Amino acid sequence: DGSGSVPRDGSGPPAPERVLFPPTFSVSEIKNKQRRHFMFLRWKQQQRKEKLALKKKRRKEREALGDKAPPKAIPKTIENQRVYDETTVDPNDEEVAFDEATDEFAPYFNRQTVPKILITTSDRPRGRTVRFCEQLATVIPNSHVYYRRGLALKRIIPQCIARDFTDLIVINEDRKIPNGLVLSHLPEGPTAHFRMSSVRLRKEIKRKGKEPTEHVPEVILNNFTTRLGHSIGRMFAALFPHDPQFIGRQVATFHNQRDYIFFRFHRYIFKSEKKVGIQELGPRFTLKLRSLQKGTFDSKFGEYEWIHKRREMDTSRRKFHL
């Protein structure tokens, strides 16, 4: 039947069935669609078996060699093959320390201001965006949701400043799906524009934990290494109060990988003295920076510090900006 199974002589255990494909085998040459799909699945299965067998063989060789085994090879990934960026921040750089001491976020990091956040939406938001804003308000302490109807952002910002809000978050939507986030630090900026994707509300997350409590969460910022990434990380940090309430065991994580910022909200549980489990509470979403603007929101006359230009900046897959 062409299956290539190895015959048995009755003297030992049955040999596993192995598909033998010719060296020049190409699935695309099969005209019948069902047969082509079936053969492709068999070929993929054989590839997986061979890979697993090679992995087991190498593990046994390492166990046999013991301490003499050579070090494991580090797999090549886009992340660890990243092109070096000259703006990568050195923690001991005096210029960076001076900039941080005098930038717009210095009052927050010097504990002179307490974060107070206004979360609003695009004009007349739909149900999914409304629920997302409500859940985001349970993640960020001291945040308030306001649904604007026809009121321009330029009119909202002075009112926010007068009411001592430190940040403004705007959730935009397209076809009833949240697709953008504008984060403006008040009163002097800067303003960041993000593209939002992969939004998951709490009810859509499998094996989620119970509703989050009102405890102030811990904040984790990963891989914001360049000057631009440092600014974005400081913007996210300035949304949360300084002293987390560890008794709540809640963690908000902003993880940057290949210029995509993944947000997750977890609660960790101590199972024993050595084991810790985590429960995702939600919501989750992914951000991609589109622009960073000086000052507060101004779409016409605003001065931009950085704009993502795909044709100019995305020439190499190993070049990242955050």
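Residues numbered from 1 in each chain as written. Predicted model: local features only at pLDDT ≥ 70, side-chain atom pairs only at ≥ 80, totals over all residues. Heavy atoms only, no water.

A. Local environment of the overall build of the chain. Counting secondary structure elements, the chain contains seven helices and 11 strands. For a compact globule of 322 residues, the expected C-alpha radius of gyration is about 20 Å, and the chain comes in at 26 Å, more than 25% above that figure. Taking the principal axes of its C-alpha atoms as reference, the chain extends roughly 90 × 55 × 45 Å. Sequence separation of at least 24 residues holds for 64% of the intrachain contacts in the chain that already meet a minimum separation of 6. Carbon and sulfur atoms make up 51% of the accessible area of the chain, which totals about 21,300 Å². Seen as two clouds, the 63 positive and the 39 negative side-chain charges of the chain have centres 11 Å apart. (Helix = DSSP H or I, 4+ residues; strand = E, 2+ residues; numbered from the N terminus. Rg over C-alpha atoms; globule rule 2.2 N^0.38 Å. Contact = heavy atoms within 4.5 Å. Areas by Shrake-Rupley, 256 points an atom, 1.4 Å probe, with all protein chains shown as cover. Lys, Arg positive; Asp, Glu negative; His and termini not counted. Charge placed at Lys NZ, Arg CZ, Asp CG, Glu CD.)

B. Representation of unusual backbone geometry in the model. Pro187 follows Leu186 through a cis peptide bond whose omega is 5 degrees. As for its placement among the helices and strands, Pro187 is situated in the loop between β4 (177–185) and β5 (191–200). Across the junction of Gly282 and Pro283, the peptide omega takes the value 0 degrees, indicating a cis bond. Structurally, the position occupied by Pro283 is in the loop between β9 (276–280) and β10 (284–293). Look at Asp164: it is not a glycine, yet its phi comes out positive at around 65 degrees. Tracing the chain through its elements places Asp164 in the loop between α5 (153–162) and β3 (167–174). The class of Asp164 is exposed, set by a relative accessible area of 58%. (Buried < 20%, exposed > 50% of the residue type's maximum accessible area, 1.4 Å probe, protein only.)

C. Region of interest: a negative patch on the surface. On the surface, Asp90, Asp93, Glu94 and Glu95 cluster together into a patch of negative charge. Position of Asp93 relative to the elements: it lies in the loop between α1 (33–65) and α2 (94–102). According to the relative accessible area criterion, Asp93 is partly exposed, its value standing at 30%. (Patch = residues over 30% accessible without salt bridge, like charges linked within 9 Å, V, L, I, M, F, W, Y side chains within 5 Å. Salt bridge = Lys/Arg side-chain N within 4 Å of Asp/Glu carboxyl O.)

D. Broad picture of the nonpolar core. Within the largest apolar cluster, 40 residues are counted, with the highest numbers of intra-cluster contacts made by Ile169, Phe194, Ile232, Phe236 and Ile261. For this core, the element with the most residues is helix α4 (residues 127–139), which contributes five residues. Ile232 has contacts with Ala192, Phe194, Phe224, Ile261, Leu289, Leu292 and Leu322, leaving out every residue within four places of it along the chain. (Core = buried A, V, L, I, M, F, W, Y, C linked by side-chain atoms within 4.5 Å.)

E. Structural context of α1. When the terminal C-alpha atoms of α1 are compared, their 48 Å separation across 33 residues agrees well with the 48 Å that a helix rising 1.5 Å per residue should span. For α1, the complete set of buried residues consists of Met39, Arg42 and Gln46. A positive backbone phi angle near 65 degrees is found at Gly66, which sits one or two residues after α1. (Expected span 1.5 Å × (residues − 1).)

F. Representation of the environment of Lys319 in the model. Note that Lys319 resides in the segment after α7 (310–313). Once the C-alpha coordinates of Lys319 and Ala53 are considered, the two residues, 266 residues apart in sequence, prove to be 36 Å apart. If we skip the residues at most four places from it in the chain, Lys319 touches Val83, Tyr84, Asp85 and Met313.

G. Seen up close, the pattern of salt bridges. Applying the stated criterion across every chain yields a total of eight salt bridges. In this structure, the salt-bridge partner of Arg227 is Asp99, at a minimum N-O distance of 2.4 Å. Of this pair, Arg227 sits in helix α6 (residues 227–237) while Asp99 is found in helix α2, placing the two residues 128 residues apart along the sequence. For Arg227, a relative accessible area of 31% puts it in the partly exposed group. Here Arg111 and Asp243 are joined by a salt bridge, their closest N and O atoms 3.2 Å apart. With a gap of 132 residues between them, Arg111 in the loop between α3 (106–109) and β1 (117–121) and Asp243 in the loop between α6 and β7 (250–257) connect regions that are remote in the sequence. Each member of the pair Arg111 and Asp243 is classed as exposed. Among the charged side chains, a salt-bridge network with shared partners connects Glu100, Asp103 and Arg234.

H. A look at the packing of aromatic side chains. Applying the stated criterion to the full structure yields 10 aromatic pairs. Consider the rings of Tyr108 and Phe109, whose centres lie 4.9 Å apart with planes at 80 degrees: the pair is edge-to-face. With relative accessibility at 6%, the residue Tyr108 sits in the buried group. Among the aromatic residues, those joined into a cluster by ring pairs are Phe132, Phe194, Phe224, Phe236, Phe240, Phe254, Phe263 and Phe285. The ring of Phe165 has Lys116 lying over it, and the distance from NZ or CZ to the ring centre is 4.6 Å. Across the ring face of Tyr260, the terminal group of Lys288 is positioned such that the distance to the ring centre comes to 4.6 Å. (Phe/Tyr/Trp six-rings, centres within 6.5 Å; stacked < 30°, edge-to-face > 60°. Lys NZ or Arg CZ within 6 Å of the ring centre and 35° of its normal.)

I. Examining the packing of α2 against α6 more closely. For the pair α2 and α6, interaxial distance at closest approach is 13 Å and the crossing angle is 30 degrees. Regarding the angle of α2 to α6, the classification is roughly parallel. In this structure, α2 meets α6 at a crossing whose hand is right-handed. Listed contacts from α6 to Glu95, Val96, Asp99 and Glu100 of α2 are Arg227, His230 and Arg234. (Axes fitted to C-alpha atoms, helices over the stretch in contact; angles between N-to-C directions. Parallel < 35°, antiparallel > 145°, perpendicular 65-115°, else oblique. Left-handed = near helix turned anticlockwise from the far one by under 90°.)

J. A look at a positive patch on the surface. On the surface, a cluster of positive charge is contributed by Lys44, Arg48, Lys51, Lys55, Lys56, Arg59, Lys60 and Lys72. Looking at the element boundaries, Lys44 is found in helix α1.

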